[in-house]
Amino acid sequence: MSARFSPGIVLILLLLAAFVLAAAGADLLSPADPLRQSLLLRLREPGFASRTATYWLGTDDLGRDLLSRILYGARASLLVAALSVSVSLVVGTALGLLAGWFRGWTAVLIMRFVDTMLSIPAILLAVLTVAVLGPGFLKLVMVLGLTRWPRYTRVAYAATLQVAGLPYIKAAEMAGCGATRILWRHILPNIAGPLMVVATSEFGLMILFEAGLSFLGLGIQPPYPSWGSIMSAGRQYVTRAWWLTVFPGACLFVLVLCVNLFGDWLRDRVDPRSRGR
Amino acid sequence: MSDAPALVVENLSLAIGPAGLVDGVGFQVAPGEVMAIVGESGCGKSVTAQAIMRLLPDAIRQTGGRILLGGRDISAIPERAMRAVRGQLMSMIFQEPQAALDPLTTVGSQIAEALRQPLGRVRGEVLRMLRDVGISDPERRIDQHPFELSGGMCQRIMIASALISRPAVLIADEPTTALDVTIQAQILDLLRRLAIERQTAVVLITHDMGVVADIADRVAVMYAGRIAEAGPTAEIFAAPRHPYTALLLASIPRLSDVPKSKLAVIEGRVPSPSEYGPGCRFASRCPRADARCAAETPPLRPLGDGRLTACFHAEAMA
Ligand SMILES: Nc1ncnc2c1ncn2[C@@H]1O[C@H](COP(=O)(O)OP(=O)(O)O)[C@@H](O)[C@H]1O
Ligand SMILES: [Mg+2]
């Protein structure tokens, strides 16, 4: 396996690192409190300088600093995506491993459930659950996490079936390893590659889902910032204050693009055909 | 010098659906002894080995017979305890050593796994075992991954992992088939030496009479799920009393053969389990077959020199 980093992937990794740093360091990097309102500073254009501060990306309809809100929005976005991907990765992988290891009716039951879940439009499922449970950060994470596991299950199931038939798993059984040990020590590491590819593509989707649900008012609740809710609020001022929709929109676009390109790169690297036995 | 046998297989029968795969197979192996099971591909050698480990594929079931490990019937052992038996009391190695090792785990950890210990705690013991199976530079090899090693070295690693917990029985299913000839001879020597040093009973499965000649004290020739002939290797090689054994022996390439001379090959093919008829299963390919062979199953009977043969024409072959 040659570890070749093209300039393109380096740029993508740098951009992703920048987003992560921005989200993690939002407290330090923000020029202003993202929640502090000021009626005197409503809808100021980017670069506006008051006597005390400069508003690099302008202000919103309540006079809050847009740059600070976008930085905190990045944190919401990445946190929701990371947590919900973790939940669905764990749930989906566990079910896929079980189905692939025990096969038989266990597999039939789990995989029918997967088919059912996958036949419901994902955003509809998310909207409906939030509508029933109500919005909120943790609920958002749980809703996304617990509706998005089936893709992992499919991949984990197929990969487990394949790996479980390989001689080294038979050898481990012959050596007296129990099912738990075989699944944990020998199968999981060997199916991690394709699962990471799914997790990356889901990560991009989760960022979009969070933005979409927050845009609809079903995600992160005001006054806390999220790119979706910033754009939603900016929608009515789109002719007078373009920056309210363009900046968060651009961030969303660049972040998801980088995540997806990273996912493609990852997929090429874990392609089973290019892997040593 | 009658050692109590480490492994006894009695009258083992296996079936898949209605078709019998293995029919009344029996043998025993003493500590330090190498017993070969030889026969063409599809004879039921591997399923017999899997039955001994009690890890048959889902579709195949045992329909009769007993397997005694150190005098204990393994069918009485619950599955949980059976796990402790595998790898501790009996181990198995396979044909493709490279594929039989987890590609993501270092060889040291895989050997330590047989001791149910993290490598850190048994490193010294693993190093000693690596040296014992003839791995040079074990301090470096112990932390390498299987893809960094040759096939022959991987088979040594498998042997190390199979034997480190000092099992009473080692089953080796075509352990050298995937290796080239010089490496094959080294691995067979190693097995031979370790069997004696550690008093391990070795069941060596092969399709190659040449391998049997190199290593086995005794041999059981299997054909289509039954034992055709069994006994001390020397006797059987000197005077085969079953036509199938004779044909297998004739198929060993010899150094004296001129390169182009035609190897004796046995005409026809092994019948599949669904084609097993009432008579001798070798009858359709046998040069000596007569009407009785096609109608009646020849019993496996002692011929007085420590061998058993299942052929009506055994006396005529003397
Ligand atoms: N997992 C399995 N499922 C169904 N049939 C099998 C399976 N494994 C082996 N068999 C059948 O059992 C017979 C004996 O196979 P095997 O023991 O592998 O032969 P050998 O090792 O002597 O070449 C063959 O007819 C084979 O088709
Ligand atoms: Mg076989």
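Fair warning: this is a prediction, and the values are worked out from it, not measured in the lab.

Residues and elements named next belong to chain B. In total, this model carries 29 salt bridges over all chains according to the counting rule given. In this structure, R192 and D217 form a salt bridge, with 3.3 Å as the shortest nitrogen-oxygen distance. In this pair, R192 sits in helix α7 (residues 181-198) while D217 sits in the loop between α8 (209-215) and β9 (218-223), placing the two residues 25 residues apart along the sequence. One network of salt bridges, in which partners are shared, links D132, R193, E197 and R198.

In this section: the packing of aromatic side chains. All names here are of chain A. As enumerated under the stated definition, the model contains ten aromatic pairs over all chains in all. Taking the centre distance of 5.7 Å and the plane angle of 85° together, the rings of W242 and W243 count as edge-to-face. A relative accessible area of 41% places W242 in the partly exposed class. In textbook terms, an aromatic cluster arises when at least three aromatic residues are bridged by ring pairs, as seen for F5, F262 and W265.

Residues and elements named next belong to chain B. Summarising burial for strand β3 (residues 34-38): five of the five residues are buried, a large majority. Burial along β3 is two-sided: the face carrying V34, A36 and V38 and the face carrying M35 and I37 are both buried. Direction of pairing for β3 relative to β9: parallel, over a ladder of four bridges. Note on β9: the bridge partner recorded for M35 is R218.

What follows covers helix α5 (residues 122-133) of chain A. All names here are of chain A. Along its twelve residues, α5 runs 16 Å from first to last C-alpha, staying within 8% of the 16 Å computed at 1.5 Å per residue. Three or more residues of α5 are buried, namely L125, A126 and V130. For α5, the angular spread of buried residues about the axis comes to 125°, placing them on one side. Seen from the open side of α5, the exposed residues pointing more than 90 degrees away from its buried face are A131 and V132.

Overall, the prediction assigns chain B a mean pLDDT of 92, with 96% of residues at 70 or greater. With pTM at 0.85, the complex prediction returns an ipTM value of 0.84.

Next up on the list: the site of ligand 1. Residues and elements named next belong to chain B. The full set close to ligand 1 counts 13 residues, and G42, G44, K45, S46 and V47 are the nearest of them. Here G44 contributes a backbone N or O atom positioned 3.0 Å from an oxygen atom of ligand 1. With the chains in place, 64% of the 560 Å² that ligand 1 exposes on its own is no longer accessible. A per-element tally of the shell around ligand 1 places helix α1 (residues 45-52) first, with three residues. Tallied by class, the residues present in the shell around ligand 1 amount to seven nonpolar, four polar and two charged.

Residue and element names in this part refer to chain A. Looking at the element boundaries, L41 is found in the loop between α2 (26-29) and β1 (48-49). Spatially, the C-alpha atom of L41 lies 9.1 Å from that of D65, the residues being 24 residues apart in sequence. Once residues within four sequence positions are removed from consideration, L41 is found in contact with F48, S50, Y55, T59, D60 and G63.

This brings us to the interface of chain B and chain A. Across the contact, 24 residues belong to chain B and 17 residues belong to chain A. Together chain B and chain A conceal approximately 1,800 Å² of surface at their shared face, both sides included; 57% is due to carbon and sulfur atoms. Three residues, F94(B), D102(B) and E113(B), lead the burial of chain B against chain A; their summed loss comes to 28% of the area buried on that side. Across the pair D58(B) and R103(A) runs a salt bridge, and its minimum N-O distance is 2.8 Å. Taken together, the links from chain B to chain A amount to eight residue pairs in polar contact (both at pLDDT 80 or more). Contributions of two or more residues to the side of chain B that touches chain A are made by β6 (90-93) and α3 (107-114) of chain B. Within the side of chain B that touches chain A, the residues separate by chemical class into twelve nonpolar, five polar and seven charged.

The next thing to look at is empty space enclosed by the protein. All chains considered together, the criterion is met by two cavities of 30 Å³ or more. Approximately 210 Å³ is the volume found for the largest cavity. A171(A), A172(A), A175(A), Q110(B) and S161(B) are, among the 19 residues lining the largest cavity, the residues nearest its centre. Those elements that place two or more of their residues in the lining of the largest cavity are α8 (167-174) of chain A together with β6, α3 and α6 (151-163) of chain B. Per-element tally for the lining of the largest cavity: the top contributor is α8(A), with four residues.

What follows deals with the sheet that holds β6(B). Residues and elements named next belong to chain B. One open sheet holds the eight strands; their spatial order is β6-β7-β8-β3-β9-β10-β12-β11, and the pairing between them is mixed. Across the chains shown, the open sheet's two edge strands, defined by having one partner strand only, are β6 and β11 (301-302). In the packing of helix α10 (residues 243-250) onto the sheet, contacts are made with β9 and β10 (226-232), and the angle to β9 comes to roughly 105°.

All names here are of chain B. Considering the arrangement of structural elements, one finds K45 in helix α1. Despite its burial, K45 remains without a salt bridge, the nearest opposite charge being carried by E174 at 4.2 Å. Look past the residues within four positions of K45 in its chain and what remains in contact with it is I37, V38, G39, E40, E174, I205, T206 and M222.

Attention now moves to the pairing of strand β1 (residues 7-16) of chain B. Residue and element names in this part refer to chain B. Buried residues dominate β1, accounting for seven of its ten residues. Where β1 folds back on strand β2 (residues 19-29), the antiparallel hairpin that results is connected by two residues, among which G17 adopts a positive phi of roughly 60°. Bridge count between β1 and strand β4 (residues 60-69): eight bridges; the pairing is antiparallel. By the bridge assignment for β4, L7 is matched with L69.

Basis of the calculations
Residues numbered from 1 in each chain as written. Chains lettered and ligands numbered in written order. Predicted model: local features only at pLDDT ≥ 70, side-chain atom pairs only at ≥ 80, totals over all residues. Heavy atoms only, no water. Salt bridge = Lys/Arg side-chain N within 4 Å of Asp/Glu carboxyl O. Helix = DSSP H or I, 4+ residues; strand = E, 2+ residues; numbered from the N terminus. Phe/Tyr/Trp six-rings, centres within 6.5 Å; stacked < 30°, edge-to-face > 60°. Buried < 20%, exposed > 50% of the residue type's maximum accessible area, 1.4 Å probe, protein only. Pairing = 2+ DSSP bridges. Expected span 1.5 Å × (residues − 1). Arc of directions from axis to C-beta. pLDDT = per-residue confidence, 0-100. Near = heavy atom within 4 Å. Polar contact = N/O pair within 3.5 Å; in protein donor to acceptor, adjacent residues only side chain to side chain. Areas by Shrake-Rupley, 256 points an atom, 1.4 Å probe, with all protein chains shown as cover. Nonpolar A, V, L, I, M, F, W, Y, C, P; charged D, E, K, R; others polar. Contact = heavy atoms within 4.5 Å. Buried area = accessible area lost by both parts, 1.4 Å probe. 1 Å grid on protein atoms, 1.4 Å probe; cavity = no way out; pocket = protein on both sides within 12 Å on 5 of 7 lines; lining within 4 Å. Points joined across faces, edges and corners; volume = space filled by probe spheres on them. Axes fitted to C-alpha atoms, helices over the stretch in contact; angles between N-to-C directions. Lys, Arg positive; Asp, Glu negative; His and termini not counted.

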